[in-house]
Amino acid sequence: MHFENTLEFAQSLDKTDALNTYRQQFHYPQVQGKDVIYFTGNSLGLQPKNAQSYVDEVMRDWAALAVEGHFYAEKPWWDYHERLAAPLAKVVGAKTKEVSVMNTLTVNLHLLMVSFYRPTQKRFKILCEEKAFPSDQYMLQSQVRFHGFDTKEAIVEVKKRDGEHAWRTEDILAKIEELGDELALILIGGVNYYNGQVFDMQKITQAGKKTGAFVGWDLAHAVGNVALDLHDWNVDFAAWCSYKYMNSGPGNASGIYVHERYLDKKDIPRFEGWWGTKKDTRFLMKPEFEPMPNADAWQLSNAPILSVAPYLASLQLFEEVGMAKLLGKQKVLTAYLEFILNEVDKEVDSSFEIITPKERGCQLSVFLHGEGKPLFDYLMKQGVITDWREPNVIRLAPAPFYCSFEDMYRFGTILKEGILSK
Ligand SMILES: *Cc1c(COP(=O)(O)O)cnc(C)c1O
């Protein structure tokens, strides 16, 4: 596609963007009385304006109905969380019964490990990417130790090649082959949080299943950001947080996916609680656990309705727009940002190196050679919110729901000023 680095051109793209009106459905922080340019939807998505009314509804029902709200609220609380499964299933490419919402991401990964990391003396190794998100590393290490294995032996990290910024699928596949029947589990972040790389989830899953291992994905940076087809890819399990591209609010509930072949199985190891038992007999308070015939079997406690409410509000927007349209805009928007970066690069002495490979969602991670933290601070003062990682990598995630083409153009001019005014 042909791009131009002008305000008129950026505005012309906004005019033809079918999602442009969705900008008005979000709250923006203000700097100098103006909406910020928000590049950190990969960390915490903006607040959808409809979130407030969903929370207010629960507060009103609680005041007016108290305990009766569990059954007689307009959206009864006892099965409130079930409303999220169908729209979420579309976002991750799953059947509705394979999806549930509960707890938080790291908690859910631990719970899923109970079911899907069952090491034996022969088959106990876990394959992951090097420098995975720290919480995932701690989770894996503590699980390995819990089962009495040595982390150095059990955790196998696939590395990037020297001088390269992205993992090669062929290296991952070769490692899977090499580990063969020692491989118990593959658990990788579907989209890497640092370089923004999208892994070939389908190929890696297929290769892992062939060795007899379980294959799971941490989709924290993938959900709402890339096309997912978990069921058809034959993925065993997955989990994600909702406060990044899903715009559900800080620290909000996580989603899980479990392939249907494990549902309604009584012999699968699992930590259980009363919200995982069959609905029709749940309140008979029987001693026997009868699993829900869906991913809700992994539920432990009654759901935190006040936190799930804004998640449901956000899902309404995803439902309205659909992933295909969202990803259609994202592709062009991210390509435009890349173009703008390359244009600015030509006009300044510093040089930019985009370390995100072409397999990407909306995030571009950029080495700003010759620049440092002062540039980041300058951008913040000018109302551009980005994410800075030492030594000098800036992560830019123009989420298609609320970022515009004009934002990309304006960012380019501010970035250039910031570098030239040093
Ligand atoms: C954001 C993120 C987390 C955060 O975990 P929480 O349990 O929600 O705090 C974990 N893993 C990855 C890969 C992430 O990107």
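Owing to the predicted nature of the structure, the values given are computational and were not obtained by experimental measurement. (Residues numbered from 1 in each chain as written. Predicted model: local features only at pLDDT ≥ 70, side-chain atom pairs only at ≥ 80, totals over all residues. Heavy atoms only, no water.)

A. Looking closely at the nonpolar core. Ranked by size, the top nonpolar core spans 104 residues in total, and within it Trp-217, Trp-240 and Tyr-336 carry the most contacts. Lining this core are residues from two domains, each supplying at least three of them: domain 1 (7-35 + 323-420) and domain 2 (52-321). Other than its neighbours up to four places away in sequence, Trp-240 contacts Leu-88, Val-92, Val-99, Leu-105, Leu-219, Ala-220, Val-223, Ser-254, Gly-255, Ile-256, Tyr-257 and Tyr-311. Among the nonpolar cores identified, the runner-up in size contains 33 residues, and Leu-105, Ala-220, Phe-237 and Ala-239 belong to it. (Core = buried A, V, L, I, M, F, W, Y, C linked by side-chain atoms within 4.5 Å. Buried < 20%, exposed > 50% of the residue type's maximum accessible area, 1.4 Å probe, protein only. Domains from an automatic or database assignment. Contact = heavy atoms within 4.5 Å.)

B. Quick look at helix H8 (residues 169-179). Residues Asp-171, Ile-172, Ile-176 and Leu-179 constitute the buried set of H8. Buried residues along H8 cover an arc of 140 degrees about the axis, so they all sit on one side. Facing away from the buried surface of H8 by more than 90 degrees, the exposed residues are Glu-177 and Glu-178. Residues of H8 that are buried in the fold lie against strand S7 (125-129), strand S8 (155-158), strand S9 (183-189) and helix H9 (201-211). Backbone geometry just after H8 places Gly-180 at a positive phi near 50 degrees. (Helix = DSSP H or I, 4+ residues; strand = E, 2+ residues; numbered from the N terminus. Arc of directions from axis to C-beta.)

C. Structural detail: the layout of surface pockets. Approximately 240 Å³ is the volume attributed to the largest pocket. In terms of lining residues, the largest pocket is bounded by 15 residues, among which Glu-130, Lys-131, Lys-160, Trp-167 and Tyr-194 are the most central. Looking at side-chain class alone, the lining of the largest pocket contains five nonpolar, four polar and six charged residues. (1 Å grid on protein atoms, 1.4 Å probe; cavity = no way out; pocket = protein on both sides within 12 Å on 5 of 7 lines; lining within 4 Å. Points joined across faces, edges and corners; volume = space filled by probe spheres on them. Nonpolar A, V, L, I, M, F, W, Y, C, P; charged D, E, K, R; others polar.)

D. Highlighting empty space enclosed by the protein. Counting across every chain of the model gives two cavities of 30 Å³ or more. In this structure, the largest cavity occupies an estimated 60 Å³ of space. Along its surface, the largest cavity is lined by Gly-224, Asn-225, Tyr-245, Asn-247, Phe-318, Leu-326, Gln-330, Cys-362, Ala-399, Pro-400, Phe-401 and Tyr-402. A per-class count over the lining of the largest cavity returns eight nonpolar, four polar and no charged. Each of domain 1 (7-35 + 323-420) and domain 2 (52-321) gives at least three residues to the lining of the largest cavity. Estimates place the volume of the second largest cavity at around 40 Å³. Elements supplying a minimum of two residues to the lining of the second largest cavity: S7, helix H6 (134-146) and S9. For the lining of the second largest cavity, the class distribution of residues is five nonpolar, one polar and three charged.

E. Representation of the pairing of strand S12 (residues 254-258) within the structure. Of all five residues in S12, five are buried, a share of seventy percent or more. What you see with S12 is no split at all: Ser-254, Ile-256 and Val-258 on one side and Gly-255 and Tyr-257 on the other are buried throughout. Here four bridges tie strand S6 (residues 99-102) to S12, and the two strands are oriented antiparallel to one another. What sits directly across from Met-102, in S12, is Ser-254. (Pairing = 2+ DSSP bridges.)

F. Structural view of the domain arrangement of the protein chain. Each assigned domain of the protein chain is listed here: domain 1 (7-35 + 323-420) and domain 2 (52-321). Between the C-alpha centres of domain 1 and domain 2 there is a distance of 30 Å. Taken residue by residue, the interface counts 27 residues in domain 1 and 20 residues in domain 2. Summing both partners gives a buried area of about 2100 Å² for domain 1 against domain 2, and 61% of it is carried by carbon and sulfur. Area buried by domain 1 at its contact with domain 2 is led by Met-323, Ile-355 and Phe-401, which between them contribute 26% of it. Joining domain 1 to domain 2, the criterion identifies zero salt bridges. Elements supplying a minimum of two residues to the side of domain 1 that touches domain 2: helix H12 (323-347), strand S14 (364-369) and strand S17 (393-396). Tallying contributions element by element places H12 first for the side of domain 1 that touches domain 2, with five residues. When grouped by side-chain class, the residues that make up the side of domain 1 that touches domain 2 number 14 nonpolar, six polar and seven charged. (Buried area = accessible area lost by both parts, 1.4 Å probe. Salt bridge = Lys/Arg side-chain N within 4 Å of Asp/Glu carboxyl O.)

G. Up close: the side chain of Asn-108. The residue Asn-108 is located in helix H5 (residues 105-116) in this model. Asn-108 gets classed as buried once you look at its relative accessible area, which sits at 0%. If near-sequence neighbours (up to four positions away) are discounted, Asn-108 is found in contact with Met-102, Asn-103, Ala-239, Ser-254, Gly-255 and Ile-256.

H. Layout of the site of the ligand. Surveying the vicinity of the ligand reveals the residues Leu-105, Thr-106, Phe-133, Asp-136, Asp-218, Ala-220, His-221, Tyr-243 and Lys-244. Asp-218 places a side-chain nitrogen or oxygen 3.2 Å from a nitrogen atom of the ligand. His-221 places a side-chain nitrogen or oxygen 3.2 Å from an oxygen atom of the ligand. Protein chains bury 83% of the 390 Å² of accessible surface belonging to the ligand in isolation. For the shell around the ligand, the residue count by class is four nonpolar, two polar and three charged. (Near = heavy atom within 4 Å. Polar contact = N/O pair within 3.5 Å; in protein donor to acceptor, adjacent residues only side chain to side chain. Areas by Shrake-Rupley, 256 points an atom, 1.4 Å probe, with all protein chains shown as cover.)

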